[in-house]
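Survey of secondary and tertiary structure
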Amino acid sequence: MRVLIVEDNCALLKSLKKGLVEESFAVDTAEDGEEGLYLAGVNDYDLVILDVMLPKIDGWTVLREMRTRGLYTHVLVLTARDTPEDKVRGLDSGADDYLTKPFRFEELLARVRALIRRKYQTKNPLLAVADLEIDTSTHIVHRGGEEMFLQPKEYALLEYLAYRAGEIVPRAAIWEHLYDWQDDTTSNIIDVYISRLRRKIDRPGLRPLFQTVRGEGYLLKGD
Amino acid sequence: MHSLRLKLILGFLLALAAVIAGFDVFIYTAKRYALFEVMDGRLYAETLAISRHLEIEGSRLFFDPSEENGAHPPLPRVFRIVGENGTILAEAPSAGAVPWPALRPDGKNPQWRTARAGHGRHWRVATWKGRSEANEEIAGKSRPADETSFGFVVQCAEPLAAAAEELRKLVSLLAAVSLLAFLIAGGGSFFLAGRALRPIRRVNTALEAVSETNLDQRLDPSSFDVELHPLITQLNATLDRLENGFQRERQFTADASHELRTPLAALLNSIEVLLRRPRTDAELIEAHRDNERTARSMQAVVEGLLLLARMDAGKAEPAKESVAPDALVEEIFDAISSEANAKNIGLVHAIDSALRVQADPAQLRLALHNLIENAVRYNRPGGQVSVEARRTGEAAAIVVRDTGVGIPEDQLHRIFERFYRVDPSRTEATGGCGLGLSIVRKIVDGHGGRVDISSGSEGTVFTVVLPDA
């Protein structure tokens, strides 16, 4: 999952990015509204975390401008303002959720997961594909009752495919949702991770869940 | 009790009572005058009538009441005729009941007077003075005056009981009518005072609808009586000022909470993320460095706010003494030299070491520190900060000049506002807490001085003027 954080306080930006990256998110950052709006327009983010008091263009304007341009990425507004009027204004400007500073990182994570579930139109934090089970809150994966141990990037790839289970997902899309723009890998890396996941999950004797659609992408399918 | 309604009613009733009382006195007096005039006329006529029926022979006077028969007008029933020496020459049988007033020895008896007796049984007495020969003339008979002529008085009396009774009835009537009028008018005034005060209650109701949450509401003058328009206009102006005050207060609170919550959020988030898993020493050290910087920025905001609050409350009166600005400026240059060196900014001053200004040294140091620090922070790399000081009459001026990009004309008046930033891309790059210039302004104000600012493309000049007194 790929997240954009727009926040002008460097210290907060840094620790947010660190925390989210450690939770297997790909994170892009912007320190002012202008840069944030630009990045939100050029990349397909699963979520934007947006501060309100920003240099150049403030958060409310960024939000309105995004919606005007037809960018319907989910937006979590982060602000020091905590009056009910501010919350109403935030939600009415097109925000999907609202969190006031200071906040608990755990709560932010939970809200981020909830917004991602909403994006992929599921309400169950437990993703299931046949006998494969992925707990998105603890990142614990079971296949046939047996726990699988995955590297963070492997988990991120599996989770993304599981959210889009039954769909053919292009390699470029996977790559875009797993890596931030500063990462200097290429989309070929996806093939490496897919083969690693296959080794761990589609063990011999089990029904294979990963399918390669030549020239189009990958598919995680239960039946 | 300070009730407008009560005051209106009382004032009105007092005026009304005075009018009614005056009216009553007038009617009573007029009636009394009319009654006495009629009575007095009648009595006088009677005295004249009696005088016509007097028979005087020599020094003797005869009066025959029998001649009364057929006399016009009929003779009075109560009369007496008194001689010069006080002897009663003749009197009516009923004359004994009259408390005849004593006749004055000089003979100047009032023509009419009221004779008082107990229990209100007063009499009205008319007195007519005559002389025997004059009497002859009046009686139409001619007789030459001789030594036997003598004086006498004729007095007629009439009881006042009837008139008094009539006046008493009048008083009762007037009292009843007055009381009734008073009561009716009093009730009316209660009602009218209520009506007169109704617009005030309406203003009150309208004002009650305005609270902190809808301070933008105003009273519509056109829905009130024209007499209240000045009041409404004034109230609206007061609401304007109140709203502005609240607006500034809210803006300040929002800014202050933002300036404190954001670094606090950064600090807490950094710690929480750090604690989620085991960390290497390198990670821990880096996190501590970041956190220290964040905490320092919070410290700057908190200390700035506390200082401003102390100065707002008047608890930081400057303790003025003679200060040498050149030493002060050199100390400040030392303190910020590393920051200036990092941006390759030259720090120069041309201050006469003999110059002295009257100021609180700690406060002046802080003010100049803030100005010079700003001049470094908002300068272009390789620029210069120069400080001058001069004496102009009863005041000293300290000038801080930078070679930065300058401040746009339309923002010059706002830069002393708390948390106002010319370039909102603030904190991290420049490190200011947004309170520096507010503190400068506050300190200089406390010294009775002023801060002038001018800015152009070649840089910004702050001039601090401190009076000697």
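Residues numbered from 1 in each chain as written. Chains lettered and ligands numbered in written order. Predicted model: local features only at pLDDT ≥ 70, side-chain atom pairs only at ≥ 80, totals over all residues.

Once that is clear, we can look at the overall build of chain A. Check the secondary structure of chain A and you find eight helices and 12 strands. When each of the 223 residues of chain A is scored for burial, the buried share is 41%. Considering only intrachain contacts with a sequence separation of at least 6, the fraction spanning at least 24 residues in chain A is 56%. (Helix = DSSP H or I, 4+ residues; strand = E, 2+ residues; numbered from the N terminus. Buried ≥ 20, exposed ≤ 12 C-beta atoms within 10 Å, placed from the backbone. Contact = placed C-beta atoms within 7 Å.)

Of regular secondary structure, chain B possesses 10 helices and 14 strands. With 469 residues in all, chain B has 23% of them scored as buried. Nonlocal contacts in chain B, meaning residues at least 24 apart in sequence, comprise 66% of its contacts between residues at least 6 apart.

Turning our eyes to something else, we now look at the interface of chain B and chain A. Contacts between the two partners involve 24 residues from chain B, matched on the other side by 21 residues from chain A. Elements supplying a minimum of two residues to the side of chain B that touches chain A: helix H4 (229-274), helix H5 (281-312) and helix H9 (427-430) of chain B. Of the residues forming the side of chain B that touches chain A, the biggest block, 14 residues, is contributed by H4 of chain B. Class assignment of the residues belonging to the side of chain B that touches chain A gives a composition of eight nonpolar, eight polar and eight charged. (Nonpolar A, V, L, I, M, F, W, Y, C, P; charged D, E, K, R; others polar.)

A separate point is the packing of helix H2 (residues 33-42) of chain A against helix H3 (residues 59-68) of chain A. Residue and element names in this part refer to chain A. Look at H2 against H3: their axes get within 10 Å of each other, and the N-to-C directions meet at 25°. Taken together, the axes of H2 and H3 lie roughly parallel to each other. Regarding H2 and H3, the two cross each other, and that crossing is right-handed. Across the interface between the two elements, Gly-33, Gly-36, Leu-37 and Ala-40 of H2 pack against Gly-59, Thr-61, Val-62, Glu-65 and Met-66 of H3. In terms of residue class, the contact of H2 with H3 is built from four nonpolar, four polar and one charged. (Axes fitted to C-alpha atoms, helices over the stretch in contact; angles between N-to-C directions. Parallel < 35°, antiparallel > 145°, perpendicular 65-115°, else oblique. Left-handed = near helix turned anticlockwise from the far one by under 90°.)

The next point concerns the sheet that holds strand E6 (residues 123-131) of chain B. Residue and element names in this part refer to chain B. Overall, antiparallel pairing links the five strands, which are arranged E4-E3-E7-E6-E5 in an open sheet. Of all strands in the sheet, those bounded by a partner on one side alone are strand E4 (88-91) and strand E5 (112-115). In this sheet, neighbouring strand axes are inclined to one another by 25° on average, regardless of whether the strands run parallel or antiparallel. Both E5 and E6 contribute to a ladder of four bridges, which runs antiparallel. Its bridge partner being in E6, Arg-113 is matched across the sheet by Val-125. On the sheet, helix H1 (residues 4-52) packs against strand E3 (79-83), E5, E6 and strand E7 (151-159) and is oriented at approximately 35° with respect to E6. (Pairing = 2+ DSSP bridges.)

Moving on, we come to the environment of Leu-39 of chain A. Residue and element names in this part refer to chain A. Tracing the backbone through its elements, the reader meets Leu-39 in helix H2. A sequence separation of 35 residues divides Leu-39 from Leu-4, and the C-alpha atoms of the two residues are 7.9 Å apart. In contact with Leu-39, not counting residues within four places along its chain, are Leu-4, Asp-28 and Ala-30.

Our next topic: the sheet that holds strand E8 (residues 140-143) of chain A. Residues and elements named next belong to chain A. Reading across from one edge, E6-E7-E8-E9 is the order of the four strands in this open sheet, with antiparallel pairing throughout. Edge positions in the open sheet fall to strand E6 (126-129) and strand E9 (146-148), since each of these has one partner strand only. Neighbouring strand axes in the sheet, compared pairwise and without regard to direction, differ in orientation by 25° on average.

Now for H5 of chain B. Residues and elements named next belong to chain B. Between its first and last C-alpha atoms H5 spans 46 Å; for 32 residues at 1.5 Å apiece the expected length is 46 Å, and the two agree. Where H5 is concerned, the buried positions are Asp-290, Thr-294, Ser-297, Val-301, Gly-304 and Leu-305. Note on H5: the residue one or two positions beyond its end, Gly-314, has a positive phi of about 70°. (Expected span 1.5 Å × (residues − 1).)

A few words now on the environment of Ser-222 of chain B. Looking at the secondary structure, you find Ser-222 of chain B in the loop between helix H3 (161-208) and H4. Taking C-alpha positions, Ser-222 of chain B is 9.7 Å from Ile-232 of chain B, a pair spaced 10 residues apart along the chain.

Attention now goes to unusual backbone geometry. A negative phi holds for most residues other than glycine; trans holds for most peptide bonds. Residue and element names in this part refer to chain A. Cis geometry marks the peptide bond from Lys-101 to Pro-102, where omega comes out at -10°. The residue Pro-102 is located in the loop between strand E5 (97-100) and helix H5 (105-119) in this model. Located in the positive-phi region is Lys-56, a residue other than glycine, with phi close to 65°. On the secondary structure map, Lys-56 appears in the loop between strand E3 (47-51) and H3. Exposure remark for Lys-56: the 17 C-beta atoms within 10 Å place this residue in the partly exposed category. Phi at Ala-130 takes a positive value of approximately 50°, unusual for a residue other than glycine. Residue Ala-130 is classed as partly exposed on the basis of its 15 C-beta neighbours within 10 Å.

Overall, the predicted model of chain A reaches an average pLDDT of 89, with 100% of residues at or above 70. Of all helices and strands in chain A, the one with the weakest mean pLDDT is helix H4 (residues 84-92) of chain A (84), whereas strand E1 (residues 2-6) of chain A scores best (95). (pLDDT = per-residue confidence, 0-100.)

Let us look at the confidence of the model for chain B. Residues and elements named next belong to chain B. Scored by pLDDT, chain B comes out at a mean of 83, with 89% of its residues at no less than 70. The least confident element of chain B is H9, whose mean pLDDT is 47; the most confident is helix H6 (residues 325-335), at 92. Below pLDDT 50 for its whole length, residues 134-145 participates in 13 contacts with residues either more than four positions away or in separate chains. When the criterion is pLDDT under 50, residues 426-430 qualifies, and its contacts beyond four places in sequence or with other chains add up to 10 contacts.

Residue and element names in this part refer to chain B. Over its 49 residues, H1 runs 72 Å from end to end, which matches the ideal 72 Å to within 8%, given 1.5 Å per residue. Within the span of H1, buried status applies to Ile-9, Leu-43, Glu-46, Thr-47 and Ile-50. In this fold, the buried residues of H1 make contact with E3, E6, E7 and H3.

Residue and element names in this part refer to chain B. Of all five residues in E3, four are buried; the element is thus mostly enclosed. Of the pairings in the sheet, the one linking E3 to E7 comprises five bridges and is antiparallel in character. Across the sheet, Phe-79 pairs through a bridge with Cys-156, a residue of E7. In the sheet, E3 pairs with E4 via three bridges, with the strands oriented antiparallel. Looking across to E4, one finds that Ile-81 is bridged to Ala-90. Counted along the chain from E3 to the antiparallel partner E4, the turn is four residues long, and its residue Gly-86 has a positive phi close to 95°.

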